[in-house]
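# Per-entry structural report
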Amino acid sequence: MPKVIFLPHETLCPEGMVVDAAAGDNLLEVALEAGIEIEHACDGSCACTTCHTIIREGGDSLNESSDEEEDMLDKAWGLEVDSRLSCQCRIGNEDLVVEIPKYTINHAREENH
């Protein structure tokens, strides 16, 4: 069972967190179920970049990004080579190390409804 290691984020998980996941799980859903409130303004439909993450380790085990995801990522704040939209990531068999960027393109954080 792969582990997802979320690096410390100032507001979302100040201490960082290690979460068990299953191959095929969606990265955004794993984070949300663990109480890490990654923004997801489009509800995971690949229509925004608020769930932008940077995969520091284990990215080769994720599903490949689609052209739609790549096009959307071009709009993300702090884009890096290993950037992915967490709503589009399916976890593979390897552990992941995930960084949540400090900022998103949203001017204000949306709260859960």
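Heads up: these notes are all about the structure in this document. Treat the numbers as computed from the prediction; the structure is a model and nothing was measured.

## Overview of the environment of cysteine 87
Mapped onto the fold, cysteine 87 is located in the loop between strand E4 (83–85) and strand E5 (96–99). When the C-alpha positions of cysteine 87 and glycine 58 are compared, they lie 17 Å apart, and in sequence the two are 29 residues distant. When residues no more than four places from it in sequence are discounted, the contact partners of cysteine 87 are Asn26, Leu28, Gly44, Cys46 and Cys51.

## A closer look at unusual backbone geometry
Positive phi is not limited to glycine here, since aspartate 43 has a value of about 60°. With respect to the helices and strands, the residue aspartate 43 is situated in the loop between helix H1 (27–33) and strand E3 (52–57). Although it is not a glycine, cysteine 46 sits at a positive phi angle of roughly 65°. Looking at the element boundaries, cysteine 46 is found in the loop between H1 and E3. According to the relative accessible area criterion, cysteine 46 is buried, its value standing at 2%.

## What about the state of the cysteines?
Enumeration over the complete set of coordinates arrives at zero disulfides. Looking at the unpaired cysteine 46, the closest cysteine sulfur is the one in cysteine 87, lying at 5.4 Å. Here cysteine 48 is not cross-linked by a disulfide; its sulfur's nearest cysteine counterpart is in cysteine 42, at 3.6 Å.

## A look at the nonpolar core
Considering soluble globular proteins, one finds that nonpolar side chains tend to be buried as a cluster. Val4, Phe6, Leu27, Ile36 and Leu96 are the most contacted members of the largest nonpolar core, which totals 26 residues. Only strand E1 (3–6), H1, helix H2 (67–73) and E5 provide two or more residues apiece to this core. Per element, the largest residue contribution to this core is four residues, and it comes from H1. Dropping the residues within four chain positions of it, leucine 27 is found in contact with Val4, Phe6, Thr53, Ile55, Ser86, Cys89, Ile91, Leu96 and Val98.

## Focus: the pairing of E5
A regular strand places its side chains on the two faces of the sheet in alternate fashion. Two strands pair when backbone bridges link them, and E1 and E5 are joined in this way by three bridges, in the parallel orientation. Note that in E5 the partner of isoleucine 5 across the bridge is valine 97. Pairing geometry for E3 and E5, over three bridges, is antiparallel. Across the sheet, residue isoleucine 55 finds its bridge partner in E5, namely valine 98.

Thresholds applied
- Residues numbered from 1 in each chain as written.
- Predicted model: local features only at pLDDT ≥ 70, side-chain atom pairs only at ≥ 80, totals over all residues.
- Heavy atoms only, no water.
- Helix = DSSP H or I, 4+ residues; strand = E, 2+ residues; numbered from the N terminus.
- Contact = heavy atoms within 4.5 Å.
- Buried < 20%, exposed > 50% of the residue type's maximum accessible area, 1.4 Å probe, protein only.
- Disulfide = S-S within 2.5 Å.
- Core = buried A, V, L, I, M, F, W, Y, C linked by side-chain atoms within 4.5 Å.
- Pairing = 2+ DSSP bridges.

As far as function goes, none of this settles anything; it's purely spatial.
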